[in-house]
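One-letter residues, chain by chain:
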Amino acid sequence: MKIATRLIHSGKDVRPATGPLSVPLYHASTYAQQSVDDFGPWDYARSGNPTRQALEEAIAELEGGVCGCAFGSGMAAISSTLLLFSSGDHLVVGEDVYGGAFRVMTQVFDRWGLSVSFVDATNPSAMEAEIRGNTKALYVETPSNPLLKISDLSSAARLAKRHGILSIVDNTFMTPCLQRPLELGCDIVVHSGTKFLNGHSDVVCGLAVAADLHVGKRLRFIQNSFGAVLGPNDSWLTLRGLRTLKVRMEESQRSALRIAQWLESQPRVRRVWYPGLASHPGHEVHQRQTDGPGAVLSFELESVELTKKLLEGVKLAAFAVSLGGVESILSYPSKMSHAAMPPEQRAKRGISDALVRLSVGLEDPDDLIGELDALINTAR
Ligand SMILES: Cc1ncc(COP(=O)(O)O)c(C=O)c1O
């Protein structure tokens, strides 16, 4: 079945005999057992909850994996995935990853002996050059946050397989509607479900999906042992958000392309990063491995003053942290998503103080362009 159909019908196996179209919300923390020798499928809600399971089955199916785990945030999904590794292990990580992923690797897992090399993940040879005897995984985001850099996922998967290590992909910006890394040979997909998957700016949630049962079982063991699970309410909301993912994604993406093209023609905009533009360095690789450019773009204005004027002046788009909601969101990476990255590291990656990230929502693009035009092009 096509993705639009699967989005509507996935994760419904746990519905009771009364046949509700919506998966019921189970708030129980524990379940009465009938037999000392043989517990039922549910015993304690950290280990499993039917509403959460419906979401986990849905995301596993949509990503083409065998095991999905839902966590209390995207960072909980990423951190729990990193718990697959041990002290003395090493990871090769795309240098342009979300600031929170950078922070947990360099300030938390680092203390437990997991070392990381940050590399230009647009270049498979640069990734290979960093692989050592103790390297256990490649970790990339594509498109990356905030500069929308593109990594070739088939090459990364092949590289990982050749070295007997795992490949992990943060698929937050694309969602399985537009990109399915496991189908391209990668081993694990992680998500901030807070973003497009839920899509309504009312849940913080994370997901991880494994392509193979062995890795999946290890992830499930960590999910239960570490315990950063997603609650039933948020599982239900995310499952509801998933049902409309394709129409939201397609509509926002259409508007994002128009806005990116408009921004590219503006003299006070220095540069636009959007994989849907032919000028984007990763345009061709992105087109080959996805079903669309998505709804997030970044752009750099001619000055920090103009950037502040835009961020503080917007009314239709919210000036806020996060992305992927029905409402457009303008973020300021240097003070928001990438504040955890030291300024010199940001500068090295090209994340300047005049850089703005726009997540395009479902407003009419004419209205969004009108607002951007008024703020960017009128004198103070
Ligand atoms: C690409 C990406 N991955 C992971 C995260 C972390 O997710 P959460 O905020 O749900 O913990 C974010 C948050 O912005 C993100 O943008």
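Right, let's walk through the structure included here.

## Re the sheet that holds strand β6 (residues 188-192)
- The sheet built from 7 strands is open, its strands ordered β1-β7-β6-β5-β4-β2-β3 with mixed pairing. This sheet does not close on itself; its edge strands, each paired only once, are β1 (67-71) and β3 (115-119). Adjacent strand axes in the sheet meet at a mean angle of 20°, parallel and antiparallel pairs treated alike.
- Bridge count for strand β4 (residues 135-141) against strand β5 (residues 166-170) is 5 bridges, and the pairing is parallel. Pairing of Ala137 across the sheet is with Leu166, part of β5.
- On the sheet, helix α2 (residues 50-63) packs against β1, β6 and β7 (206-210) and is oriented at approximately 130° with respect to β1.

## With respect to the pairing of strand β9 (residues 296-301)
- Among the 6 residues of β9, 6 are classified as buried, and the element is accordingly described as predominantly covered.
- A two-sided burial pattern is seen for β9, the buried positions comprising Val296, Ser298 and Glu300 on one face and Leu297, Phe299 and Leu301 on the other.
- Pairing geometry for strand β8 (residues 269-273) and β9, over 4 bridges, is antiparallel. In the strand pairing of β9, Val269 is matched with Leu301.

## What about the packing of helix α12 (residues 304-313) against helix α14 (residues 365-377)?
- Two numbers describe how α12 lies on α14: the axes approach to 9 Å, and their chain directions differ by 140°. In terms of their interaxial angle, α12 and α14 are classed as oblique. In the packing of α12 onto α14, the handedness of the crossing is right-handed. Contacts between α12 and α14 involve Leu306, Lys309, Leu310 and Gly313 from the first element and Leu372, Ala374, Leu375 and Ile376 from the second.
- Of the residues in the contact of α12 with α14, the class split is 6 nonpolar, 1 polar and 1 charged.

## Considering the packing of helix α3 (residues 74-82) against helix α4 (residues 99-108)
- Remark: α3 packs on α4, axes separated minimally by 10 Å, with the N-to-C direction vectors making an angle of 35°. Of the two possible hands of crossing, α3 and α4 adopt the one that is right-handed. When α3 is examined against α4, the residues Met75, Ile78, Ser79 and Leu82 are found in contact with a partner set consisting of Gly100, Ala101, Val104 and Met105.
- A breakdown of the residues in the contact of α3 with α4 according to their chemical character gives 6 nonpolar, 2 polar and no charged.

## Observations concerning the nonpolar core
- The biggest cluster of nonpolar side chains holds 93 residues, and the ones touching the most others in it are Phe299, Leu310 and Ile376.
- At 7 residues, the largest contribution of residues to this core is made by helix α10 (residues 245-264).
- Counting residues in each nonpolar core, the second largest holds 15 residues, with Ile131, Leu138, Ala160 and Cys186 among its members.

## Some thoughts on the pattern of salt bridges
- This structure, assessed with the given rule, holds 16 salt bridges.
- Among the ionic pairs, Lys149 bridges to Glu95, the shortest N-O distance being 3.7 Å. Of this pair, Lys149 sits in the loop between β4 and α6 (153-162) while Glu95 sits in the loop between β2 (90-94) and α4, and the two are 54 residues apart along the sequence.
- On the basis of relative accessibility, which here comes to 16%, the residue Glu95 falls in the buried class.
- Across the pair Asp366 and Arg258 runs a salt bridge, and its minimum N-O distance is 2.7 Å. Pair noted here: Asp366 is in helix α14 and Arg258 is in helix α10, with a separation of 108 residues, a long-range link.

## Some thoughts on the site of the ligand
- The full set close to the ligand counts 14 residues, and Met75, Asp170, Ser192, Thr194 and Lys195 are the nearest of them.
- Ser192 has a polar side-chain atom sitting 2.8 Å from an oxygen atom of the ligand.
- Contact distances for the ligand include 2.7 Å between an oxygen atom and a side-chain N or O atom of Lys195.
- Across the complex, the protein chains shield 91% of the 390 Å² of accessible surface that the ligand would expose by itself.
- Considering every element that reaches the shell around the ligand, the biggest residue donor is α3, with 3 residues.
- The residue inventory of the shell around the ligand, partitioned by class, reads 5 nonpolar, 6 polar and 3 charged.

## Some words on helix α9 (residues 232-243)
- Taking 1.5 Å per residue, 12 residues should reach 16 Å; α9 reaches 17 Å between its end C-alpha atoms and fits that length.
- For α9, every residue scored as buried is listed here: Pro232, Ser235, Leu237, Thr238, Leu239, Gly241, Leu242 and Arg243.
- Next to the buried residues of α9 lie α1 (3-9), α2 and α10.

## Some points on the sheet that holds strand β11 (residues 329-331)
- Strand order in the open sheet made by the 5 strands is β8-β9-β12-β11-β10, with mixed pairing throughout. One side of each edge strand has no neighbouring strand; the edge strands of this open sheet are β8 and β10 (318-319).
- The sheet contact formed by β9 and strand β12 (residues 355-359) spans 5 bridges and is antiparallel. Within β12, the position partnered with Glu300 by the bridge is Leu355.
- In the packing of α12 onto the sheet, the strands contacted are β9, β10, β11 and β12, and the crossing angle to β9 comes to about 135°.

About the thresholds
Residues numbered from 1 in each chain as written. Predicted model: local features only at pLDDT ≥ 70, side-chain atom pairs only at ≥ 80, totals over all residues. Heavy atoms only, no water. Pairing = 2+ DSSP bridges. Helix = DSSP H or I, 4+ residues; strand = E, 2+ residues; numbered from the N terminus. Axes fitted to C-alpha atoms, helices over the stretch in contact; angles between N-to-C directions. Contact = heavy atoms within 4.5 Å. Buried < 20%, exposed > 50% of the residue type's maximum accessible area, 1.4 Å probe, protein only. Parallel < 35°, antiparallel > 145°, perpendicular 65-115°, else oblique. Left-handed = near helix turned anticlockwise from the far one by under 90°. Nonpolar A, V, L, I, M, F, W, Y, C, P; charged D, E, K, R; others polar. Core = buried A, V, L, I, M, F, W, Y, C linked by side-chain atoms within 4.5 Å. Salt bridge = Lys/Arg side-chain N within 4 Å of Asp/Glu carboxyl O. Near = heavy atom within 4 Å. Polar contact = N/O pair within 3.5 Å; in protein donor to acceptor, adjacent residues only side chain to side chain. Areas by Shrake-Rupley, 256 points an atom, 1.4 Å probe, with all protein chains shown as cover. Expected span 1.5 Å × (residues − 1).

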